[in-house]
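# Geometric and topological summary
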Amino acid sequence: MKNYILFGPPGSGKGTQAKRLESDYGLVQISTGDLFRYELGNKTELGQLAQSYMDQGRLVPDEVTVKMLARKYNEHRDAPGVIFDGFPRTIAQAEALDHLMDQLDEEITALISMDVDKDELVQRLLERGKTSGRADDANEEVIRTRLQVYENETSPVLSYYENQGKVQRINGMGAINIVFQSLAACVR
Ligand code: AMP
């Protein structure tokens, strides 16, 4: 089974591209953000716990996130592959993911990093906020916090996988179709 990590800052297009990889290649998208939003929409205990972090643009604690991710991954063991979207977002999550892979005799196939011009992200997210219905896209301060959290906590994850020789980089700046072609070349 293929296990890809789609990596990039908020607003880099991970969700959009992961959905296309799902429809064109049968890879299952596992988005921790979507999972949290689902829990939130259903007002579950997990959703209520996650909400305060999400509303502030902060990360939900690792333990909770890893547990939710592992449960979802186990539901898709018969898929040809998965795309982790928005996970791992901390070194501790990356270590927990490696541990999970080991336990299941799986391994991370590659981390695909979508490189984007950071200056454009705030604008993209504010634009998305007009229609996404996401509270964390509608507020510029929250967006700036998310980008800061990405710099501080998430970007080290890239070096973690670079040390394992698993990083592939693509240009995430072009039109959706062009970016998808670069991505498709990485997963074929
Ligand atoms: P996203 O949809 O990936 O932008 O995630 C939206 C929000 O969900 C984030 O700002 C976090 O509050 C939370 N979240 C999503 N994925 C994770 C993760 N891997 N670790 C911690 N929090 C997460």
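Structure: above.
So, a few notes on the structure that sits alongside this text. (Residues numbered from 1 in each chain as written. Predicted model: local features only at pLDDT ≥ 70, side-chain atom pairs only at ≥ 80, totals over all residues. Heavy atoms only, no water.)

## Considerations on the site of the ligand
Neighbouring residues of the ligand: 16 residues in total, closest T32, R37, R58, G86 and Q93. Between the ligand and G86, the relevant distance is 2.9 Å, taken from a nitrogen atom to a main-chain nitrogen or oxygen of the residue. The separation between a nitrogen atom of the ligand and a polar side-chain atom of Q93 is 2.9 Å. For the ligand, whose free accessible area comes to 480 Å², the fraction covered by protein is 96%. With four residues, helix α2 (residues 32-41) is the largest single contributor of residues to the shell around the ligand. In terms of residue class, the shell around the ligand is made up of five nonpolar, five polar and six charged. (Near = heavy atom within 4 Å. Polar contact = N/O pair within 3.5 Å; in protein donor to acceptor, adjacent residues only side chain to side chain. Areas by Shrake-Rupley, 256 points an atom, 1.4 Å probe, with all protein chains shown as cover. Helix = DSSP H or I, 4+ residues; strand = E, 2+ residues; numbered from the N terminus. Nonpolar A, V, L, I, M, F, W, Y, C, P; charged D, E, K, R; others polar.)

## Re the sheet that holds strand β5 (residues 167-171)
The strand order β2-β3-β1-β4-β5 describes an open sheet built from five strands, whose pairing is parallel. Unpaired on one side and paired on the other, β2 (28-31) and β5 mark the two borders of the sheet. Adjacent strand axes in the sheet meet at a mean angle of 25 degrees, parallel and antiparallel pairs treated alike. As paired strands, strand β1 (residues 2-7) and strand β3 (residues 81-85) are joined by five bridges and run parallel to one another. Bridge pairing in β3 links N3 to V82. Along the sheet face, α2 touches β2 and β3 and points at about 65 degrees away from the line of β2. (Pairing = 2+ DSSP bridges. Axes fitted to C-alpha atoms, helices over the stretch in contact; angles between N-to-C directions. Contact = heavy atoms within 4.5 Å.)

## Some remarks on the packing of aromatic side chains
Tallied over the full model, the rule gives five aromatic pairs. The interplanar angle of 75 degrees and the centroid separation of 5.0 Å between the aromatic rings of Y160 and Y161 together place this pair among those described as edge-to-face. Comparing Y160 with Y161, the two get one shared label, buried. Among the aromatic residues, those joined into a cluster by ring pairs are Y73, F84 and F87. Sitting over the ring of F180, R20 keeps its end group 4.0 Å from the ring centre. (Phe/Tyr/Trp six-rings, centres within 6.5 Å; stacked < 30°, edge-to-face > 60°. Buried < 20%, exposed > 50% of the residue type's maximum accessible area, 1.4 Å probe, protein only. Lys NZ or Arg CZ within 6 Å of the ring centre and 35° of its normal.)

## Some details on the side chain of T145
Its location among the elements puts T145 in helix α8 (residues 140-154). The contact partners of T145, leaving out residues within four places of it in the chain, are Q56, G57 and R58.

## Some details on the side chain of E106
Along the polypeptide, E106 turns up in the loop between α5 (91-103) and β4 (110-115). E106 gets classed as buried once you look at its relative accessible area, which sits at 15%. Within the local environment of E106, its side chain forms a polar contact with the side chain of R77, the two groups lying 3.4 Å apart.

## Re the nonpolar core
One finds I5, I30, F84, L97 and Y161 to be the most contacted residues of the largest nonpolar core, which totals 29 residues. Mapped onto this core, the elements with two or more residues apiece are β1, β2, α2, α3 (45-56), α4 (62-75), β3, α5 and α9 (156-162). Apart from the residues within four sequence positions on either side, L97 is in contact with I5, L69, F84, F87, P88, I108 and Y161. If you look at the next biggest cluster of nonpolar residues, it comprises 16 residues, including Y4, A18, I112 and I170. (Core = buried A, V, L, I, M, F, W, Y, C linked by side-chain atoms within 4.5 Å.)

From the geometry alone we can't say anything about function, so treat these as descriptive.
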